[in-house]
Amino acid sequence: MNTQAPAAAQSAPQADAQQPPAPQETAGAPLLGPGETPKIASRDVHVHYGEKHAIKGVNLDIKENEVTAFIGPSGCGKSTFLRCLNRMNDTIDIARVTGRITLDGQDVYDKRVDVVQLRARVGMVFQKPNPFPKSIFENVAYGPRIHGIARGKDEIEDIVMSSLDRAGLLNEVKDYLDQPGTGLSGGQQQRLCIARAIAVSPEVILMDEPCSALDPIATAKIEELIDELRENYTIVIVTHSMQQAARVSQRTAFFHLGNLVECGDTEQIFTNPQHRLTQGYITGRFG
Amino acid sequence: MASPNPNAYDPAAAAAAEGTAVSTRTRTTADIVNAGLKGRYRAEKRFRMYGVIAIAAALMMVTTLFVSIVSKGYTAFAITSISLPVTVERDLVANAEGEITDRSIAFANYAAPLRAALEAQFPEVESRSERRALYEILSDGASFQLQRMIEENPDLIGREFTMTSPVSSDFDVLNKGQIDLTVPENMRRVSDAQAGWFEALQERGLIETTFNTNLFTNGDSRQPELAGIWGAVVGSFYTLMVTLLLSFPIGVAAAVYLEEFAPKNKWTDLIEVNINNLAAVPSIVFGLLGLAVFLQVFGLPRSAPVVGGLVLTLMTLPTIIIASRAALKSVPPSIREAALGVGASKLQMITHHVLPLAMPGMLTGTIIGMAQALGETAPLLMIGMVAFVVDIPGGPMDPATVLPVQIYLWADSPERAFVAKTSAAIMVLLAFLVFMNAAAVLLRKKFERRW
Ligand SMILES: Nc1ncnc2c1ncn2[C@@H]1O[C@H](COP(=O)(O)OP(=O)(O)OP(=O)(O)O)[C@@H](O)[C@H]1O
Ligand SMILES: [Mg+2]
């Protein structure tokens, strides 16, 4: 049911061009200049949930080794668009994705692309921490194990330790690796999920409101972590917190009602938004 | 909006405090609520009373059931036996040449020494008819028991030894005080003379009441004192094994396919509706199906646990499929997303994460299905598992019966002693059912995980 969905995805961007709500022009600079190659590029991406048109023609480039933040009011389609990037929407029966999304120039909705391989390259951290109901060690070891990234016990252990270390969790849990991951605190669980995601060495990490269930201290830790991870990974983060977007991201994309309203450098978006919707949203937030 | 403490809110006081400023709307709302309050509480009280009455009625019925079964059945767990000094003479077991061989031991008349032993207790009994009446005290099984003893231990030949064997069921019942001797003699199965002899034996300390091991080790028998449930227990075991081995894997596989892989279209909807309908089909229909298909088309043996298992598989599959699908549905989507998010394939997601989490629910459903199958009678009657089977079945292809059918057979028997046996077998069946349900609860508790 789901894996067939990409068959419906079309590479021809014109297919949805005559949809009633014509895609809105995006202010700012959603696309990179001619000299730069994007890590992920989306062209005229539409998502329908049955009758509902949730994403209306988004054109956006995501730069390598940068943090890109998606902001926008609730229900505007941030999660939907984010989930297109690793084809997580395939799991929703009624979701239909059209348009073109490329990862390093390769169309991710191409029939030849395997979702398993894609998701190994594009990892994901979810809004609610969702560790497996297994031990902390198993949580992190699971990805490398199923992909055959590591052979032998030692190698797996190395990966688990370094992933936990990079996720800033190792010191807290190194004596309890055989305890269930679900027994950790919310913030620890979320960092465990991040460790699990980086254990398979993805190129891109998608984070959907990773801090929304966390207290300010845990949030600060994760933000710090995101900043460190940026060196090696391309990160896309959805957030409702303007401050967070401003703190961790280099580029910001503002969504509204399924449209990408504005995209540009974070500093420019927050200091000098070009679109009145962006301005309204940002100033509204800050009062 | 009037008083700072809403619990102490009194519209009149509030009105007085605020003068005429209180809006009429507030007052009327409070008044209306107050007026209706009594009625609401009354309704709640009445509802709670109905609930208590319903529970009390249910408890009373359950208690009645248990009291009646236990009070009728407990005597079946004891058996009356008689100990007599017996001598098996060498002549009796020797063949024509005077040698003792396995064959000659097998064909000897063991009733004679037993009868002689009994006669020795009552030298005054002489006439043939009186003697025959005296012999009735002994169970038919006693001579077989003696034969087994001699076969196992030929040294006993020619020596006097004490043999303890059950008395026949009429005297067992008499010993348990279930025969009213004030009833006219021709209206009861034990004559005054027999009762007198029995009393004499009791006075001599030859009669004792012991735990009835026959009940748990023997197969069925026409003699109530020899009849046991072991044959039916073994038959039930084979039947349930076949049912479990077939219905669990098939049910789980069907549930996983339908829940995780099947496209959602009108065909799968149709299948789903039909599975739910199958769960409601009267079980005897499955018996007819088994008769028509397994016996007549495939030519499988009648009365065999295999066929019973196949029929019960058909019956329990819907239960297991429905329970397993519910268990699969209840696995939180976040776990599925987590697995897919790190790049697990669909099958990996299911086998590594979804199935382990759904397993307790699936096992619970399976055990409940098995408990249903254990108590099922009707479909098994159709495929001949109602036959009178004395031998303990040695495998799933042997003729057998099952516990509920055994209960049905005994309940149908005319002998007084089978009444208690019926209740005793019901107690055993209930014990198995309680055990299985407890296992289901324990399994669920043990494997239950929080996420
Ligand atoms: N599984 C689904 N089925 C149907 N409609 C959906 C589904 N998921 C999302 N939608 C719809 O798509 C639109 C975008 O939802 P999405 O979850 O992407 O919003 P969001 O920007 O992430 O919101 P939030 O900030 O509240 O998480 C919403 O209007 C929502 O109703
Ligand atoms: Mg969202």
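All values reported here derive from a predicted model rather than from experimental measurement.

A. Looking closely at the overall build of chain A. A tally of regular secondary structure across chain A gives 11 helices and 11 strands. For 287 residues, the compact-globule formula gives about 19 Å, and the C-alpha radius of gyration of chain A, at 19 Å, lands near that figure. Principal-axis analysis of the C-alpha atoms places the extent of chain A at approximately 55 × 45 × 40 Å. Across the 287 residues in chain A, those meeting the buried criterion constitute 55%. The averaged location of the 35 negative side-chain charges in chain A is 5 Å from the averaged location of its 29 positive side-chain charges.

B. Up close: the packing of helix 7 (residues 186–199) of chain A against helix 8 (residues 216–229) of chain A. All names here are of chain A. Look at helix 7 against helix 8: their axes get within 9 Å of each other, and the N-to-C directions meet at 15°. On the basis of the axis angle, helix 7 is roughly parallel to helix 8. The chirality of how helix 7 crosses helix 8 is right-handed. The segment helix 7 lies against helix 8, with Gly-187, Gln-190, Arg-191, Ile-194 and Ile-198 engaging Ala-218, Lys-221, Ile-222, Leu-225 and Leu-229. Class assignment of the residues belonging to the contact of helix 7 with helix 8 gives a composition of six nonpolar, two polar and two charged.

C. Quick look at the sheet that holds strand 2 (residues 40–49) of chain A. Residue and element names in this part refer to chain A. Read across the sheet, four strands follow the order 3-2-5-6 without closing on themselves; strand pairing throughout is antiparallel. Pairing within the sheet leaves two strands with one partner each, and these edge strands are strand 3 (52–62) and strand 6 (106–107). Pairing of strand 2 with strand 3 involves eight bridges; the strand directions are antiparallel. Across the sheet, Val-45 pairs through a bridge with Val-58, a residue of strand 3.

D. Molecular detail of the UniProt feature "transmembrane region" (unreviewed entry) in chain B. Here, the residues flagged by UniProt with the feature "transmembrane region" (unreviewed entry) are residues 47–70, 229–258, 278–300, 306–328, 354–375 and 424–443 of chain B. Its end C-alpha atoms 30 Å apart, residues 306–328 of chain B is made of 100% helix and 0% strand.

E. Fine view of the packing of aromatic side chains. With the rule as written, the count across this model stands at 12 aromatic pairs over all chains. Judged by centre distance (5.9 Å) and plane angle (15°), the ring pair of B:Phe77 and B:Phe216 falls under stacked. Placement of the pair is B:Phe77 in the loop between helix 2 (24–73) and strand 1 (78–87) and B:Phe216 in helix 10 (residues 214–217), with a sequence separation of 139 residues. Taken together, the aromatic side chains of A:Phe70, A:Phe81 and A:Phe255 make up a single cluster linked through ring pairs. Positioned above the aromatic ring of A:Phe132 is the side chain of A:Arg196, whose terminal nitrogen or guanidinium carbon lies 4.6 Å from the ring centre. Across from the ring centre of B:Phe122, 4.7 Å away, lies the NZ or CZ of B:Arg204, which sits over that ring.

F. A look at the packing of helix 5 (residues 111–121) of chain B against helix 6 (residues 128–135) of chain B. Residues and elements named next belong to chain B. Where helix 5 contacts helix 6, the two axes come as close as 10 Å, and the packing angle between them is 105°. Overall, the two elements helix 5 and helix 6 adopt an arrangement that is roughly perpendicular. In this structure, helix 5 uses Arg-115, Leu-118 and Glu-119 to contact helix 6, whose residues at the interface are Arg-131, Leu-134 and Tyr-135. Of the residues in the contact of helix 5 with helix 6, the class split is three nonpolar, no polar and three charged.

G. A look at the nonpolar core. By size, the foremost hydrophobic cluster in this structure holds 59 residues, and its most contacted members are A:Leu60, A:Phe70 and A:Phe81. If you tally residues by element for this core, the top one is helix 16 (residues 346–374) of chain B, at seven residues. The contact partners of A:Leu60, leaving out residues within four places of it in the chain, are A:Pro30, A:Leu31, A:Ile40, A:Ala41, A:Ser42, A:Arg43, A:Phe70, A:Phe81, A:Arg251, A:Ala253, A:Leu260 and A:Cys263.

H. Fine view of the UniProt feature "domain: ABC transporter" (unreviewed entry) in chain A. Feature annotation in UniProt places "domain: ABC transporter" (unreviewed entry) on residues 40–282 of chain A, given in this structure's numbering. As annotated, residues 40–282 of chain A comprises 39% helix and 26% strand, and the C-alpha atoms at either end are separated by 26 Å.

I. Representation of the domain arrangement of chain B. Residues and elements named next belong to chain B. For chain B, the domain assignment lists domain 1 (77–212) and domain 2 (230–447). For domain 1 versus domain 2, the separation of C-alpha centres amounts to 46 Å. Across the boundary between the two partners, domain 1 contributes five residues, which contact five residues of domain 2. Summed over both sides, the interface of domain 1 with domain 2 buries roughly 450 Å², with 69% coming from carbon and sulfur. When the buried area of domain 1 at its contact with domain 2 is split by residue, Phe-77, Val-173 and Gln-178 rank highest and sum to 72% of it. For the pair domain 1 and domain 2, the interface holds zero salt bridges. Scanning the region where domain 1 abuts domain 2 turns up zero residue pairs in polar contact (both at pLDDT 80 or more). Considering only residue class, the side of domain 1 that touches domain 2 consists of two nonpolar, three polar and no charged.

Definitions and limits used
- Residues numbered from 1 in each chain as written.
- Chains lettered and ligands numbered in written order.
- Predicted model: local features only at pLDDT ≥ 70, side-chain atom pairs only at ≥ 80, totals over all residues.
- Heavy atoms only, no water.
- Helix = DSSP H or I, 4+ residues; strand = E, 2+ residues; numbered from the N terminus.
- Rg over C-alpha atoms; globule rule 2.2 N^0.38 Å.
- Buried < 20%, exposed > 50% of the residue type's maximum accessible area, 1.4 Å probe, protein only.
- Lys, Arg positive; Asp, Glu negative; His and termini not counted.
- Charge placed at Lys NZ, Arg CZ, Asp CG, Glu CD.
- Axes fitted to C-alpha atoms, helices over the stretch in contact; angles between N-to-C directions.
- Parallel < 35°, antiparallel > 145°, perpendicular 65-115°, else oblique.
- Left-handed = near helix turned anticlockwise from the far one by under 90°.
- Contact = heavy atoms within 4.5 Å.
- Nonpolar A, V, L, I, M, F, W, Y, C, P; charged D, E, K, R; others polar.
- Pairing = 2+ DSSP bridges.
- UniProt positions renumbered as here; feature names shortened; annotations may be inferred.
- Phe/Tyr/Trp six-rings, centres within 6.5 Å; stacked < 30°, edge-to-face > 60°.
- Lys NZ or Arg CZ within 6 Å of the ring centre and 35° of its normal.
- Core = buried A, V, L, I, M, F, W, Y, C linked by side-chain atoms within 4.5 Å.
- Domains from an automatic or database assignment.
- Buried area = accessible area lost by both parts, 1.4 Å probe.
- Salt bridge = Lys/Arg side-chain N within 4 Å of Asp/Glu carboxyl O.
- Polar contact = N/O pair within 3.5 Å; in protein donor to acceptor, adjacent residues only side chain to side chain.

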